[in-house]
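# Examining the three-dimensional arrangement
Listed below, chain by chain, are the residues.
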Amino acid sequence: MESINYLSIRYNKDEKKLEILDQRKLPDIEEWLICDKPEDMITFIKQLSVRGAPLIGVAASMSLYDHVLKNPQLSKEEIIIVSNQLREARPTAVNLMFAIDEMMQLKETNNEKRDYSAEKLGEIAIRIIRNEVDMCDKMSKYGASLIQQNESILTHCNTGSVATVGAGTALGVIREAHKQGKNIHVYVDETRPLLQGGRLTTYELEREGIPYTLICDNMAACLMRDGKIQRVLVGADRIAANGDFANKIGTYSVAILANHHGIPFHCVAPMSTVDIKCSTGKEIPIEERSHTEVQGASGAFGTVRWAPKNSKTFNPAFDVTPMTLVTSLILDTGIITKNDLNKLSE
């Protein structure tokens with residue numbers, strides 16, 4: 001295993017120290033949390049210190065490797081139990097399941113040939129990381145080929161380097177288009193209730209010097225009406241075999257608005273987000289989160305509540321956008337439209 005150092009996760013091989021950037025504290029505070037054991041990582045994932053489907057998979061993989069490295073006495077059965085606990089940390093992001101299944105070598109049908117040594121798990125974890133970086137690079141280039149000069153692009157939630165170990169998914173496309181000198185401008189949905197757009201996407205765009213304007217989620221429609229948005233780019237936490245996809249709550253609303261105004265709407269995600277076993281979006285499990293997230297807000301500024309504490313809330317973390325509203329899926333394998341969905345299973 002080699003040391004790794006990305007925007008949102010790092011590992012020191014000499015100190016055997018795994019750390020993650022606490023995304024709850026951004027943009028004002030860059031605080032690194034030490035992950036000593038898988039229980040820590042599960043907590044970090046559930047409380048959204050670690051978020052972003054690709055990053056969740058990488059972080060869980062590194063946590064499993066680190067745990068086995070520090071505890072060489074573990075039996076195969078004990079490692080399997082820990083892997084299952086990590087796998088179940090969040091229900092919607094299929095990258096988590098994909099990464100843990102890779103670590104546990106489930107494609108190897110002979111259980112006796114599955115090697116759960118720290119050396120082997122470290123080798124697989126590094127491969128997962130390198131694949132994610134490579135997929136981000138390919139998606140960014142495919143997506144940027146669609147972007148025209150001087151376009152204004154709307155994005156929802158956060159899909160950049162704090163959500164992956166590479167350039168990002170939708171934000172990776174934006175980053176690449178900016179690098180190519182296409183003079184783009186980005187409208188950033190703040191993304192209630194947890195403000196991932198307002199806190200994290202603006203943080204990344206600011207670092208990169210990419211022009212942007214932050215808006216409340218309910219402002220997108222009038223911008224589209226006035227012709228100020230030419231394209232929408234979003235990420236995904238799980239893509240079904242028919243192209244339906246789950247992404248941060250509010251994505252479905254943006255898709256409907258884009259469809260009504262005739263604006264191209266693209267989902268950008270790696271193949272590790274595709275779940276061929278899931279035939280349609282109706283089969284994607286949707287996580288529901290705490291009522292406190294809707295009753296107020298929290299971040300580097302602390303926690304505030306503006307609704308009565310007994311207010312009933314509805315707080316799904318994701319919604320599902322049907323492929324009928326999607327112009328194309330931008331994957332690391334290429335650009336897929338409604339007419340060539342068979343490529344998802346190739």
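In the nomenclature of an unreviewed UniProt entry, the chain is known as Methylthioribose-1-phosphate isomerase of Dictyostelium firmibasis. Check the Function (unreviewed entry) section of the UniProt entry for the chain; it says "Catalyzes the interconversion of methylthioribose-1-phosphate (MTR-1-P) into methylthioribulose-1-phosphate (MTRu-1-P)." According to the UniProt record, the Pathway (unreviewed entry) comment for the chain reads "Amino-acid biosynthesis; L-methionine biosynthesis via salvage pathway; L-methionine from S-methyl-5-thio-alpha-D-ribose 1-phosphate: step 1/6."

### Quick word on helix α9 (residues 251-261)
Taken residue by residue, α9 has T251, V254, A255 and A258 as its buried positions. Across the axial projection of α9, the buried residues extend over an arc of 100°, all falling on one side. Positive phi appears at G262, one or two residues downstream of α9, with a value of about 70°.

### Description of the sheet that holds strand β4 (residues 32-35)
In space, the 4 strands of this open sheet follow the order β1-β2-β3-β4, with antiparallel pairing throughout. The sheet is open, and its two edges are formed by β1 (4-5) and β4, each paired on a single side. Here 4 bridges tie strand β3 (residues 17-21) to β4, and the two strands are oriented antiparallel to one another. Bridge pairing links I20 to L33 in β4.

### A closer look at the environment of P316
Here P316 lies in the loop between β14 (302-305) and β15 (318-321). With 29 residues separating them along the chain, P316 and E287 place their C-alpha atoms 5.9 Å apart. If we ignore the near neighbours within four places in the chain, the residues touching P316 are I249, I286, E287 and E288.

### Looking at the UniProt feature "active site" (unreviewed entry) in the chain
As annotated in UniProt, the feature "active site" (unreviewed entry) corresponds to D237 in the numbering used here. Take D237: it is sitting in the loop between β8 (231-234) and β9 (238-240). Each residue touching D237, except ones within four places of it in the same chain, is listed here: A53, T92, A93, V94, N95, A246, N247, K248, T273 and F318.

### Overview of the pattern of salt bridges
One pass over the structure, following the stated rule, counts 24 salt bridges. Salt-bridge contacts for E19 lead to R10; the nearest nitrogen and oxygen are separated by 2.9 Å. The exposure class assigned to R10 is partly exposed, which follows from its relative accessible area of 27%. Taking the shortest distance from any N to any O, the salt bridge between R87 and D101 comes out at 2.9 Å. Taken together, the residues R87 in helix α3 (residues 76-87) and D101 in helix α4 (residues 94-103) connect sequence positions 14 residues apart. Residue R87 is classed as partly exposed on the basis of its relative accessible area, which comes to 28%. Through salt bridges with shared partners, a single ionic network connects D22, R24, K25 and E31.

What counts as what
- Residues numbered from 1 in each chain as written.
- Predicted model: local features only at pLDDT ≥ 70, side-chain atom pairs only at ≥ 80, totals over all residues.
- Heavy atoms only, no water.
- UniProt positions renumbered as here; feature names shortened; annotations may be inferred.
- Buried < 20%, exposed > 50% of the residue type's maximum accessible area, 1.4 Å probe, protein only.
- Helix = DSSP H or I, 4+ residues; strand = E, 2+ residues; numbered from the N terminus.
- Arc of directions from axis to C-beta.
- Pairing = 2+ DSSP bridges.
- Contact = heavy atoms within 4.5 Å.
- Salt bridge = Lys/Arg side-chain N within 4 Å of Asp/Glu carboxyl O.

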